[in-house]
Amino acid sequence: MKNIKYIALMAIGLVACEPELDNSIEDSGTYSSGTADFSKFVTVGNSLTAGYADGTVYLQGQKNSYPNILASKFSFAGGGTFKQPLVNDNLGGLVAGPVQITDTRLVLSGDPLAPTNIPGTPTTDATDVKTGPFNNVGVPGAKSFHLLSNTYGEASGILTGTANPYFVRMASSPSATMIGDAVAQSPTFFSLWIGNNDILSFATSGGVGVDQTGNLNPATYGSNDITDPTLFHGTYDILLNGGNGFTGLTENGAKGVVMNLPSVTSIPYFTTVPYNPIPMDAPTAGGANAAYAPYNGGLAMAAGGSLITATEMQQRTITFAAGQNPVVIEDESLTDLTAMGLPSIRMATANDFIVLPSSSVIGTLAVPGDPTTVIGVGVPLNDSQALTENEAGMIAAAQAAYNNSIAMLAAANDDVILVDVKSALEQLANGGISYNGGMITDTYATGGGFSLDGVHPTARGYAVISNIIIDAIEDNFGANLPKADPGTYPTVYID
């Protein structure tokens, strides 16, 4: 069967240049901070705060991080210097001594164009600790509770997973905490955007993890697990207001903004590959149906023996037809019928999500030369290659609880405002977001909103986010600030 690709792209309309400066603003007296004080701006968060894009942290991405863009605008209204833990180059990726631990950045390359890691060995060593303090305490991969961890910056924990290499290279000491390094700078204004990774790693792994709702001990969590909402609430409260020996971001009188969490399954990582990408003619469909006849017959026997309901039998029955067909996927939520020799598989529906990396294997042969092993047909997508409706429901429930906590805690403090990034980013999937006569959408690679990893914004996307935050600051703190011109920031790069 023909290999199916969804990420071969035309170069038309793609931006592959560095951003130009915004239009000159000569009269800085035009602008004001209102009731805010931008003299010491500190930001805390994860990869979205760090400027992560195209699958890694690279120099130009950091310079185009939303906090750095904000800081450049705050400088017109009393904002001070803004220091980031810059990496060495635009190759991206990290090493820890002699070991490469993260990939280089993605660019579009080849014919047809497709995302490709830039060849080369990263030059940024995570164990080469930089001198801070750093205004941008954004650490890719950080979950909410990691901000309170005093082992997250210990270099010896990089390869064992107890530390984060991005924090190791910027931590004030091996026992420092992210929140501690942030508040030690006595910020007058802050931003906090955390919580995405508390569900994202579960989602991008195709649900290979555990929903830890009810478990308040993060030390027992796996790397892909969903954080318990009660633990999230308590952690977020400490981050803002302090407690349990920690000083919170607002305790010294700082004002700030917090951002809620966008829908994980609305990003291109989950929306680019359709659930029904398998083209078949009638003879091919007939052959595939014949191959699945014993499985379907076994389902009928299981239903007849009351091992499954008639509804589940119908859900699991696999039937192909001429035209576009759904992929076959594993679904661990189905009734276990392995005693009958029947796997837990079914055809995907529009409520399931096929993850972006699956695009490179759907339609290929698991066993070279054996046409019965077409991945997605004769060989189901495994648990890591698809996010099922049931798994997506777990994510949505946790996200709703997290956002409720963020909104509640922000509302309880007059110095903190909630920026509804969730609604703004979900607009990308519903017509796009316009700016100065331009438009960004969520279309993979060509929409301008998301980078080539399908998860993180482009520089242009970060500029749009910056303007959304500035709007909220102006509305709530009476500030008057210049805006970023998104059209001057790049999207994806062509090699």
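Residues numbered from 1 in each chain as written. Predicted model: local features only at pLDDT ≥ 70, side-chain atom pairs only at ≥ 80, totals over all residues. Heavy atoms only, no water.

So, about the environment of Gly 437. Structurally, Gly 437 is set in the loop between β16 (433-435) and β17 (438-440). A C-alpha to C-alpha distance of 40 Å links Gly 437 and Ser 186, two positions 251 residues apart in sequence. (Helix = DSSP H or I, 4+ residues; strand = E, 2+ residues; numbered from the N terminus.)

Next up on the list: the pattern of salt bridges. What the rule picks out here adds up to seven salt bridges. With a closest N to O distance of 2.9 Å, Arg 316 and Glu 312 form a salt bridge. One end of the pair is Arg 316 and the other is Glu 312, both in helix α10 (residues 310-316) and four residues apart, which spans about a single turn. As far as the burial class goes, Arg 316 and Glu 312 line up, both buried. A salt bridge links Asp 471 to Lys 483, with the nearest nitrogen and oxygen atoms 2.6 Å apart. In this pair, Asp 471 sits in helix α13 (residues 459-477) while Lys 483 sits in the segment after α13, placing the two residues twelve residues apart along the sequence. Classification of Asp 471 as partly exposed rests on a relative accessible area of 33%. For Lys 483, a relative accessible area of 36% translates into the label partly exposed. The network of salt bridges with common partners includes Asp 331, Arg 346 and Asp 352. (Salt bridge = Lys/Arg side-chain N within 4 Å of Asp/Glu carboxyl O. Buried < 20%, exposed > 50% of the residue type's maximum accessible area, 1.4 Å probe, protein only.)

With that settled, the discussion passes to the sheet that holds strand β7 (residues 189-193). Spatially, five strands are ordered β6-β1-β7-β8-β15 in an open sheet, and the strand pairing comes out parallel. The open sheet terminates on both sides in strands that have one partner only, identified here as β6 (136-138) and β15 (416-419). With direction set aside, neighbouring strand axes in the sheet form an average angle of 15°. Inspection of the sheet shows β7 paired to strand β8 (residues 255-259) by four bridges, in the parallel sense. Looking at β8, one finds that Ser 191 is bridged to Val 257. (Pairing = 2+ DSSP bridges. Axes fitted to C-alpha atoms, helices over the stretch in contact; angles between N-to-C directions.)

The next point concerns helix α6 (residues 197-204). A large share of α6 lies buried, amounting to seven of its eight residues. The set of residues buried in α6 consists of Asn 197, Asp 198, Ile 199, Leu 200, Ser 201, Phe 202 and Ala 203. Of the surrounding secondary structure, the elements contacted by the buried residues of α6 are α7 (229-241), α8 (268-271), β14 (386-387) and α11 (389-411). Positive backbone phi, approximately 75°, marks Gly 206, located one or two places after α6. (Contact = heavy atoms within 4.5 Å.)

So, on to helix α9 (residues 282-304). Largest kink in α9: about 45°, centred on Tyr 292, with the proline Pro 294 one to four residues after it. Those residues of α9 hidden inside the fold are in contact with β9 (278-280), α10, β11 (328-330) and β12 (345-347). Ser 306 lies just past α9 and shows a positive phi near 60°. (Bend = angle between axes of the 7 residues up to and from the residue.)

Once that is clear, we can look at empty space enclosed by the protein. Evaluation of the coordinates by the stated rule reveals five cavities of 30 Å³ or more. Reported here for the largest cavity is a volume of approximately 250 Å³. What lines the largest cavity is a set of 23 residues, and nearest its centre among them are Leu 48, Pro 262, Ile 267, Phe 450 and Val 455. Put simply, the parts of the chain that give the lining of the largest cavity at least two residues each are α1 (47-50), α6 and α13. Broken down by element, the residue count for the lining of the largest cavity peaks at three residues, all from α13. Of the residues assigned to the lining of the largest cavity, the class counts are 15 nonpolar, eight polar and no charged. In this structure, the second largest cavity encloses a volume near 90 Å³. Contributing to the lining of the second largest cavity are Ala 50, Val 57, Gln 62, Gln 84, Pro 85, Val 87, Asn 136, Gly 138, Pro 140, Tyr 166, Arg 169 and Met 170. Residue composition of the lining of the second largest cavity, grouped by class: seven nonpolar, four polar and one charged. (1 Å grid on protein atoms, 1.4 Å probe; cavity = no way out; pocket = protein on both sides within 12 Å on 5 of 7 lines; lining within 4 Å. Points joined across faces, edges and corners; volume = space filled by probe spheres on them. Nonpolar A, V, L, I, M, F, W, Y, C, P; charged D, E, K, R; others polar.)

Turning our eyes to something else, we now look at the pairing of strand β4 (residues 106-109). The pairing of β4 with strand β5 (residues 114-117) spans four bridges and is classified as antiparallel. When the bridges of β5 are listed, Leu 108 appears paired with Pro 115. In this antiparallel pair of consecutive strands, β4 and β5, the connection spans four residues, and Gly 110 shows a positive phi of 90°.

What follows deals with the side chain of Gln 84. As for its position among the elements, Gln 84 is in the loop between α3 (66-74) and β2 (95-96). Within the structure, the side chain of Gln 84 is placed 3.0 Å from the backbone oxygen of Gln 62, a separation counted as a polar contact. Sequence-distant contacts of Gln 84, that is, excluding residues within four places in its chain, are made with Gln 62, Lys 63, Ser 65, Asn 68, Phe 134 and Asn 136. (Polar contact = N/O pair within 3.5 Å; in protein donor to acceptor, adjacent residues only side chain to side chain.)

On to the confidence of the model for the protein. Averaged over all residues, the pLDDT of the protein is 94; the fraction at 70 or higher stands at 94%. In this model, residues 1-26 is a region of pLDDT below 50 whose contacts with residues beyond four sequence positions or in other chains number 73 contacts. (pLDDT = per-residue confidence, 0-100.)

The next point concerns the side chain of Ser 451. Relative to the helices and strands, Ser 451 is located in the loop between β17 and α13. Judged by relative accessible area, Ser 451 falls into the buried class, the value being 0%. When sequence neighbours within four positions are dropped, the list of residues in contact with Ser 451 reads Ala 53, Asp 54, Tyr 444, His 456, Pro 457, Thr 458 and Val 492.

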